[in-house]
Amino acid sequence: MSDIPVTVIGGYLGAGKTTMVNHLLRNAEERMAVLVNDFGSINIDEELISDRDGDTISLANGCICCSLADGLAAALDTVLAFDPKPERLLIEASGVADPASIAAYAHAPGLRLDAALVVVDAETIRARSTDKYVGDTVVRQLASADLLILNKVDLVDADVLSGTKAWLSRQAPKAAIVEATNGAVASAVIFDLGLVNRAVHNVSETVAEDVFQTWSWTGDELKRSHIENLMTALDERDDVFRVKGVVTLTDEPDQPMVLQRVGSRWSLTVLESEDKPTLSRVVAITAPDALKPDGLDTWLGSATST
Amino acid sequence: MSEAVETTIYPARTIHTMNRAHPSAEAIAVRGTRILGIGSVDELSTWAERLGPYTVDESFADKVLFPGFIEAHCHVMTGGMWQFPYVGFFDRRGVDGRLWTGCKNIAAVVERLSEVEQQIDDPEETLIAWGLDPIYFDGEERLLAHHLDEVSATRPMFVYHASGHLATVNSALMAKEGITRQAATPGVARYESGEPNGEFQEPAAMRLAGDAFTTFRQTIASAEAKWNYGFEARNAGNTTVADLGTSNVADEEKLTEWRSVVNDPDFPCRVMVAGASGVAGTVDPTSLAELVLELQATESEKLRFGVIKIVIDGSIQGFTARISWPHYFNAPEGHPGNGLWLIPPDQVADLVSVYHQAGLTVHCHCNGDEAAEVFIDAVEEAHRRHPRVDTRHTVQHCQLTTPPQYRRMATMGMCANIFSNHMFYWGDQHRELTVGPERAEQMDACGTAEAAGVSFSIHCDAPVTPMGPLHVAWCAVNRLTASGRVLGEQERISVDTALRAITTEAAYQLKLDHDIGSLEAGKLADLTVLDDDPYEVDPATLKDIGVWGTVVGGRKHPAAKSNA
Ligand SMILES: [Zn+2]
């Protein structure tokens, strides 16, 4: 049984966490269990609800909402006892919680941390960060994020937006910044969906989208240093949301590895799969203008042995 | 009306009624669950006779009687703790009256656990213990896995710390739960070698202890925990306790359990069960308000409702309370500067307004002064939206509440419940580490509250510190730290004020003062029975006065006999 990926959604009051959770619930591609602070704020169309039972609401699309009334530990025990087990866990942190302290729960048997997201209100974040009571809390939240979801970008001028993004990069040097309106962000950005299982093309490609772009690179064995160089280079950027792949390394050619990166947190772990691909494939999900024009070829291109 | 109600007259050495009109009396007459009157045996006999048969019970003839003491801030899990052996630093008396001597160092902890271990037959059973308090150990000694491995290399062990933020486990438990050096959970502390050292910091890491942590959490919320809660209260001399926001009152099962336990005639205490709001969400405020009003309308004499608990900051000794500038005095490396909010401060006024408008009383946990400021602002805003009289909204803990804040509280008729026990248990740490000498001397400022005209109670917050109304009073009167230092002499209060704080004022704060808090005709017959008179002993020995037990609703509940 593979570990259940956990996504933490943090951010101060009014940033749009709940809107985002509602959006993700409506567009769920997996059977998600969603742990929420405030049941009342989850506004799901009644026809989507298949069952209500005290602290849980079951949806027709297979998702379950579970209240955090008895605390996170108890809620986790509840959802992990579900049969079948959920395919993903989404935890909505309270408006003042440090997402890092919630994310700590994901480092437990049966779970793994996918990403800690912090939703940011583009209009109010700068003022909020100097608030007498909550300034320090808000700034601390930013620093815990893998991905900052910069929400309500449609409500601010372009120069305010770029100023805010530059400021956010300083507050959260480890995070990538994803722009959003109305809390709507593509699942491929929010979640580490199974991109590596898609058909393999032996070419670089880009898939242009409104809000993000996918770059993929396919080749033969890679040196470990190629991966490390790529990771270091991306540390300088805040517009590469995710990198994911299955790679074969020259120092261990028989053991394909899974590469995962969100924000600037990354890992290389052994691929647990029967079929062992011989090619390496790396996919990056970025902001629309990032990594142009050569995508991942800039770092991995020369590694391709043809 | 069919049941024969008899009158019992109890003559006593002294009865302190806490009723200003009749401060003392030689006897009290009890009829059914209520007080028929106080006065002389002659006066009371004349009246009793008119009503039918009566008896004169001499068992309290050499005792000193008070209105039953009230602990207005503690938690039901204090009772649950006693299902596990105690390894804390200070002596503590179990619900069965057993005196558990304090474990003053690691060796004592290991010795205590070894004794317990040998008495468990099932080799698979996990040994769970509680109360570990390494903050008082010399030289920053920490209990780690290798210490516990001396106790047993095969039996899983889980030791819960007094702070509630840590647990120490042994190697057998880590082996059982598959915790290795690969464990990535933040809070898994390590030896220099990189192996986990058995110390799990914060709940996310504690959860790795698997069944042990689950068993612990469930046990401290069990029906037996509720029974022990009552026994612990009785042994300490409390006849009413407020379970302040531990219970999810929307949980039907737990509610039924509360009813069947507390309404059992053998259960020796009244309980005010507060509805917990907004700690980790719970039900939405409007529904909670409706529910609590409904519960209040159908409450019994023993099980009460009507109070809402909100928690907005952390603890001072944990460096998580919200304290105004210049914040913490000597915080540990890496501390972010100020403490944590548990709910967004901008939400507090909306939250308070819901309960305020519903006519309920809001009790808000505010350890730091910044937290108190937010709550007081919220109460003011609630009054602006929904003018209302006699709310008795209460600042709980009130540890750094300032003179201007107390004066604002007074203008709005707010109450304070001051955590006086902190003086003794953490006073030295507050002076050296958390807030520094100046603020430490102004902490838990009962004197300032009294001067500002704020009605206040004092509390223990059990299980954080042991249940003990006379200890709580002793702290407020003497302000002595564990090392023997007087901390803030100016904030001391008189014995009389302290005794009012645990009787009339606590009753007022819980809006139960029509029924309890003083001894007067018509009120419930709740008595605390003492071996000595707090007004006569040296105030320095207030905490040492023997407690015979209590009377709750006319029924005697002797304290458990002690072994020391
Ligand atoms: Zn408490």
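Residues numbered from 1 in each chain as written. Chains lettered and ligands numbered in written order. Predicted model: local features only at pLDDT ≥ 70, side-chain atom pairs only at ≥ 80, totals over all residues. Heavy atoms only, no water.

Caption draft 1: Representation of the interface of chain B and chain A within the structure. With 31 residues of chain B at the contact, the number on the chain A side is 29 residues. For the pair chain B and chain A, the number of links is four salt bridges. In this structure, Asp136 of chain A engages Arg322 of chain B in a salt bridge whose closest nitrogen and oxygen atoms are separated by 2.9 Å. In this assembly, chain B and chain A are joined by nine residue pairs in polar contact (both at pLDDT 80 or more). Only helix 6 (202–206), helix 7 (211–219), helix 11 (345–358) and helix 12 (369–385) of chain B provide two or more residues apiece to the side of chain B that touches chain A. (Contact = heavy atoms within 4.5 Å. Salt bridge = Lys/Arg side-chain N within 4 Å of Asp/Glu carboxyl O. Polar contact = N/O pair within 3.5 Å; in protein donor to acceptor, adjacent residues only side chain to side chain. Helix = DSSP H or I, 4+ residues; strand = E, 2+ residues; numbered from the N terminus.)

Caption draft 2: Main features of the nonpolar core. The biggest cluster of nonpolar side chains holds 180 residues, and the ones touching the most others in it are Phe158, Ile312 and Ile458 of chain B. When residues of this core are assigned to their parent elements, the largest contribution, eight residues, is made by helix 12 of chain B. Ignoring any residue separated from it by four or fewer positions in sequence, one finds Ile458 of chain B in contact with Asn417, Ile418, Ser420, Cys446, Val472, Ala473, Ala476, Ala498, Ala501 and Ile502 of chain B. With 34 residues, the next largest nonpolar core counts Ile49, Leu90, Ile149 and Val185 of chain A among its residues. (Core = buried A, V, L, I, M, F, W, Y, C linked by side-chain atoms within 4.5 Å. Buried < 20%, exposed > 50% of the residue type's maximum accessible area, 1.4 Å probe, protein only.)

Caption draft 3: Layout of the domain arrangement of chain A. Residues and elements named next belong to chain A. The domain boundaries assigned to chain A delineate domain 1 (4–190) and domain 2 (213–305). With centres defined by C-alpha atoms, the gap from domain 1 to domain 2 works out at 26 Å. In this complex, domain 1 contributes 18 residues to the contact, which on the side of domain 2 involves eleven residues. Each partner contributes to the roughly 1,100 Å² buried at the junction of domain 1 and domain 2, and carbon and sulfur atoms together form 46% of this total. At the boundary of domain 1 with domain 2, the tally comes to two salt bridges. In this structure, Arg242 engages Asp114 in a salt bridge whose closest nitrogen and oxygen atoms are separated by 2.9 Å. Across the domain 1-domain 2 interface, the total number found is eight residue pairs in polar contact (both at pLDDT 80 or more). Counting residues per element, the ones that place at least two in the side of domain 1 that touches domain 2 are strand 7 (111–121), helix 6 (158–171), strand 9 (176–179) and helix 7 (187–190). Looking at the side of domain 1 that touches domain 2, the element that brings in the most residues is strand 7, giving five residues. (Domains from an automatic or database assignment. Buried area = accessible area lost by both parts, 1.4 Å probe.)

Caption draft 4: Expanded view of the environment of Lys523 of chain B. Residues and elements named next belong to chain B. The residue Lys523 is located in the loop between helix 19 (504–509) and strand 23 (527–530) in this model. Considering only alpha carbons, one finds Lys523 and Arg34, 489 residues apart in sequence, at a separation of 5.6 Å. Residues within four places of Lys523 in sequence aside, it is in contact with Arg34, Ile35, Asp513, His514, Asp515, Ile516 and Ser518.

Caption draft 5: Highlighting the pairing of strand 6 (residues 69–74) of chain B. Residues and elements named next belong to chain B. In terms of residue burial, strand 6 counts as a mostly covered element, since six of its six residues are buried. The sheet contact formed by strand 6 and strand 14 (residues 238–243) spans four bridges and is parallel. Residue pairing across strands places Cys74 opposite Asp243, the latter belonging to strand 14. (Pairing = 2+ DSSP bridges.)

Caption draft 6: Main features of helix 11 of chain B. All names here are of chain B. In this model, helix 11 (14 residues) spans 21 Å end to end at C-alpha, consistent with the 20 Å of a helix rising 1.5 Å per residue. For helix 11, the full list of buried residues reads Pro345, Val348, Ala349, Leu351, Val352, Ser353, Tyr355 and His356. On its buried side, helix 11 packs onto strand 16 (275–277), helix 10 (285–297), strand 18 (307–311), strand 19 (361–366) and helix 12. Among the residues trailing helix 11, Gly359 stands out with phi positive, at a value near 90 degrees. (Expected span 1.5 Å × (residues − 1).)

Caption draft 7: A look at the coordination of the zinc ion. Residue and element names in this part refer to chain B. Protein coordination at the zinc ion comes from His73 (NE2), His75 (NE2) and Asp461 (OD), with a distance range of 2.1 to 2.2 Å. Along the chain, the residues that donate to the zinc ion are spaced as H-x1-H-x385-D. Within this pair, whereas His73 is found in strand 6, its partner Asp461 is found in the loop between strand 22 (456–458) and helix 17 (469–478), the two being separated by 388 residues in sequence. Residue classification places His73 among the buried residues on the basis of a relative accessible area of 0%. With a relative accessible area of 7%, Asp461 lands in the buried category. (Donors = N, O, S within 2.8 Å, 3.2 Å for Na, K, Ca; no water.)

Caption draft 8: Representation of the pattern of salt bridges within the structure. Taken as a whole and assessed by the stated rule, the structure comprises 48 salt bridges over all chains. A salt bridge links Asp239 of chain A to Arg237 of chain A, with the shortest nitrogen-to-oxygen separation between them at 2.9 Å. Ionic pairing is found between Glu301 of chain B and Arg34 of chain B, a salt bridge with its closest N-O pair at 3.1 Å. Within this pair, whereas Glu301 of chain B is found in the loop between helix 10 and strand 17 (303–304), its partner Arg34 of chain B is found in strand 3 (residues 34–39), the two being separated by 267 residues in sequence.

Caption draft 9: Region of the structure containing the pairing of strand 24 (residues 547–552) of chain B. Residue and element names in this part refer to chain B. Both strand 23 and strand 24 contribute to a ladder of four bridges, which runs antiparallel. By the bridge assignment for strand 24, Leu527 is matched with Val551. Summarising the sheet, strand 24 and strand 25 (residues 555–558) pair through four bridges and their orientation is antiparallel. Following the sheet pairing, Val552 is matched in strand 25 by Arg555. Counting the residues in the hairpin turn of strand 24 and strand 25 gives two residues, including Gly553, whose phi is positive at 55 degrees.

Caption draft 10: Expanded view of the side chain of Thr17 of chain B. Residues and elements named next belong to chain B. Inspection of the secondary structure puts Thr17 in the loop between strand 1 (7–16) and strand 2 (24–31). Classification of Thr17 by relative accessible area gives buried; the value is 0%. In terms of polar contacts, Thr17 uses its side chain to reach the backbone amide nitrogen of Asn19, at 3.0 Å. Those residues in contact with Thr17 that sit more than four places away from it in its chain are His22, Pro23, Ser24, Ile38, Pro67, Ser518 and Leu519.

Caption draft 11: Highlighting the environment of Ala97 of chain A. All names here are of chain A. Within the secondary structure, Ala97 is located in the loop between strand 6 (88–92) and helix 3 (99–103). Note on Ala97: relative accessible area 15%, which makes it buried. Along the backbone, Ala97 and Val138 are 41 residues apart, and their C-alpha atoms lie at a distance of 9.2 Å. Leaving out residues up to four positions away in the same chain, Ala97 has contacts with Ile102 and Gln141.

Caption draft 12: Geometry of the packing of aromatic side chains. All names here are of chain B. Using the criterion set out here, one finds 25 aromatic pairs over all chains in the structure. Taking the centre distance of 5.6 Å and the plane angle of 50 degrees together, the rings of Phe66 and Phe69 count as tilted. Owing to a relative accessible area of 0%, Phe69 belongs among the buried residues under this scheme. Ring centres of Tyr425 and Trp426 lie 6.1 Å apart, and the angle between their planes is 50 degrees; on these two criteria the pair is classed as tilted. Both residues of the pair, Tyr425 and Trp426, count as buried. (Phe/Tyr/Trp six-rings, centres within 6.5 Å; stacked < 30°, edge-to-face > 60°.)

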